[in-house]
Amino acid sequence: MATMDDIAKRLGISKGTVSKAFSGAGDISEAMRRAVLETAVELGYTRLPRSRQAPRLGVFIENMSYEHPNDFGWDLVTGFRKLAEPDGCEVVLIPLTAELQRQNHYDEYMLRHNYQGGLFLGTSFSDAWMEEFRSCRTPTVLLDNSAQYNPAVSQVGVDNDEAMESAILRLKKLGHRKIGYISGGLGSYVYQQRYLAFFRALRKHRLGDDHLLAGHSFSTAECLQTHLPRLLEQGCTALICSHDLLARDVMHCCQRNGLRVPEDLSILGIDDLPICQSTSPTLSSIRQDRTELGKSAYYALASQIRQIHISSLKLHPEVILRGSVGPAPDVPGEL
């Protein structure tokens with residue numbers, strides 16, 4: 001492992017200058033600080049915490065609410081902290097903005113702020129740092145995203161194939177033979193994986209895999225005005241939606257247009273957010289235990305920091321059937 005002495009020798013400066021560059025001392029120029037950070041990254045230097053200083057872990061969050069108990073990210077952050085803080089770590093929450101990524105190289109940012117590792121929630125393919133994750137050296141964990149073939153980066157999430165297979169099997173047992181899928185835009189890894197898993201599950205259960213059985217859009221309005229009517233015209237008796245908020249909107253749209261849920265159409269969401277129990281009828285969903293996901297993320301990150309390179313951790317999902325799912329029209333089915 002590279003040391004501060006190695007950095008100093010490479011640049012022809014003193015070890016004290018290297019230390020000042022890391023600490024942000026005012027008598028070090030920005031050019032020198034940048035040179036030290038770039039050399040540290042190049043040599044694979046890692047700033048280990050001092051014995052009396054808690055390791056700092058950054059939790060970077062975008063495209064996700066997390067400040068209140070009903071928010072999607074609340075349980076994820078809580079689960080992470082439940083293991084990290086008793087382990088002596090300092091957890092810092094950082095809003096991940098486009099400007100932050102544009103102005104900083106990832107490894108350099110982590111060295112400058114003395115973060116031993118980072119957890120990323122809500123990232124998308126368009127993030128500038130996604131390309132850097134392919135070659136970064138900082139221990140990193142991505143929720144529902146992937147940076148292929150970098151041993152320093154782990155992925156944590158729910159097994160999407162198991163989720164879709166379980167959901168379609170339950171619907172099939174209830175007599176549904178034509179099942180549709182409506183998704184938000186496929187600009188994120190997790191939405192792409194759920195979309196592909198849907199078709200794999202259809203094939204496994206011998207229900208056909210016609211691409212017209214699914215629709216996706218970044219616009220909820222387009223999902224409701226274009227894809228929903230098209231799937232209903234094809235005779236779908238059940239719909240799976242890529243997330244609960246979309247499933248709720250689909251259900252309300254159907255009800256406004258005279259369709260009964262679940263007598264005419266069964267609807268199933270994904271995530272099992274608290275809103276599922278406050279809709280009428282209550283919304284069925286595929287549950288992912290967000291607190292356990294947060295704990296798994298810490299386990300993966302702690303392992304990475306200890307040079308145990310975990311590729312991915314997948315948790316089992318659970319299909320929760322409530323009032324929005326019932327037998328297919330005129331088919332008794334079974335639970």
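The structure we're discussing is the one just above.
This one's a predicted model, so the numbers in the text were calculated from it and none came from an experiment.

Structural notes on the packing of helix α4 (residues 72-84) against helix α12 (residues 290-305)
Look at α4 against α12: their axes get within 7 Å of each other, and the N-to-C directions meet at 45 degrees. Looking at the two axes, α4 sits oblique to α12. For the pair α4 and α12, the sense of crossing is right-handed. Listed contacts from α12 to F72, D75, L76, G79, F80, K82, L83 and A84 of α4 are R290, T291, L293, G294, K295, A297, Y298 and L301.

Looking at the sheet that holds strand β10 (residues 284-287)
As summarised here, the arrangement of the six strands in space is β7-β6-β8-β9-β10-β12, forming an open sheet in which the pairing is mixed. The open sheet has two edge strands, β7 (214-217) and β12 (318-320), and neither has a second partner. The sheet shows a mean angle of 20 degrees between the axes of neighbouring strands, taken without regard to direction. Relative to strand β9 (residues 266-271), strand β8 (residues 238-241) runs parallel, the two sharing three bridges. Counterpart to L239 in the pairing with β9 is I267. Strands β6 (179-184), β7 and β9 of the sheet are contacted by helix α9 (residues 189-204), whose axis makes an angle of about 170 degrees with β6.

A short note on empty space enclosed by the protein
The final tally for this structure, using the stated rule, is one cavity of 30 Å³ or more. For the largest cavity, the calculated volume is near 60 Å³. Considering the residues around the largest cavity, the lining is formed by V158, N160, A163, M164, R194, I270, I286 and Q288. If you tally residues by element for the lining of the largest cavity, the top one is helix α8 (residues 160-173), at three residues. Within the lining of the largest cavity, the residues separate by chemical class into five nonpolar, two polar and one charged.

Some details on helix α11 (residues 244-256)
Compared with the 18 Å implied by 1.5 Å per residue over 13 residues, the 18 Å span of α11 between its first and last C-alpha is a close match. Listing the buried residues of α11 in full gives D244, L246, A247, V250, M251, C253 and C254. Looking at the buried side of α11, the elements it contacts are β6, α10 (220-233), β8, β9 and β10. Looking one or two places after α11, you find G258, whose phi comes out positive at around 90 degrees.

Considerations on the pattern of salt bridges
Here the structure, examined in full by the defined rule, presents 15 salt bridges. Linking D161 and R200 is a salt bridge whose minimum nitrogen-to-oxygen distance equals 2.8 Å. You can see D161 sitting in helix α8 and its partner R200 sitting in helix α9, a full 39 residues away along the chain. The exposure class assigned to D161 is partly exposed, which follows from its relative accessible area of 25%. Across the pair R322 and D272 runs a salt bridge whose closest N-O atoms are separated by 2.9 Å. Taken as a pair, R322 in the segment after β12 and D272 in the loop between β9 and β10 lie far apart in primary sequence, 50 residues in all. Judged by its relative accessible area of 10%, D272 falls in the buried class. Three or more residues are tied together by salt bridges with common partners; here these are D272, R287, E318 and R322.

As for the pairing of β7
Along any regular strand the residues' side chains alternate between the sheet's two faces. As paired strands, β6 and β7 are joined by four bridges and run parallel to one another. Following the sheet pairing, Y181 is matched in β7 by A214. In this fold, the crossover linking β6 to β7 by way of α9 has right-handed handedness.

Topic: the layout of surface pockets
The computed volume of the largest pocket comes to approximately 780 Å³. N63, M64, V190, Y191 and H243 are the residues nearest the centre of the largest pocket, which is lined by 29 residues in total. For the lining of the largest pocket, the element with the highest residue contribution is α9, accounting for three residues.

Some thoughts on the packing of aromatic side chains
The full count for this structure, using the stated rule, is 16 aromatic pairs. Taken together, a centroid distance of 6.4 Å and an interplanar angle of 20 degrees make the contact between Y109 and Y115 stacked. Across this residue pair, the class does not change: Y109 and Y115 are buried. Between F120 and W129, the aromatic rings sit 6.1 Å apart at their centres with planes inclined by 75 degrees, giving edge-to-face as the arrangement. Taken individually, F120 and W129 each receive the classification buried, so the pair is uniform in this respect. The rings of F60, Y106, Y109, Y115, F120, W129 and F133 are connected pair by pair, giving a single aromatic cluster.

About the thresholds
Residues numbered from 1 in each chain as written. Predicted model: local features only at pLDDT ≥ 70, side-chain atom pairs only at ≥ 80, totals over all residues. Heavy atoms only, no water. Axes fitted to C-alpha atoms, helices over the stretch in contact; angles between N-to-C directions. Helix = DSSP H or I, 4+ residues; strand = E, 2+ residues; numbered from the N terminus. Parallel < 35°, antiparallel > 145°, perpendicular 65-115°, else oblique. Left-handed = near helix turned anticlockwise from the far one by under 90°. Contact = heavy atoms within 4.5 Å. Pairing = 2+ DSSP bridges. 1 Å grid on protein atoms, 1.4 Å probe; cavity = no way out; pocket = protein on both sides within 12 Å on 5 of 7 lines; lining within 4 Å. Points joined across faces, edges and corners; volume = space filled by probe spheres on them. Nonpolar A, V, L, I, M, F, W, Y, C, P; charged D, E, K, R; others polar. Expected span 1.5 Å × (residues − 1). Buried < 20%, exposed > 50% of the residue type's maximum accessible area, 1.4 Å probe, protein only. Salt bridge = Lys/Arg side-chain N within 4 Å of Asp/Glu carboxyl O. Right-handed = clockwise from strand over helix to strand, strands pointing away. Phe/Tyr/Trp six-rings, centres within 6.5 Å; stacked < 30°, edge-to-face > 60°.

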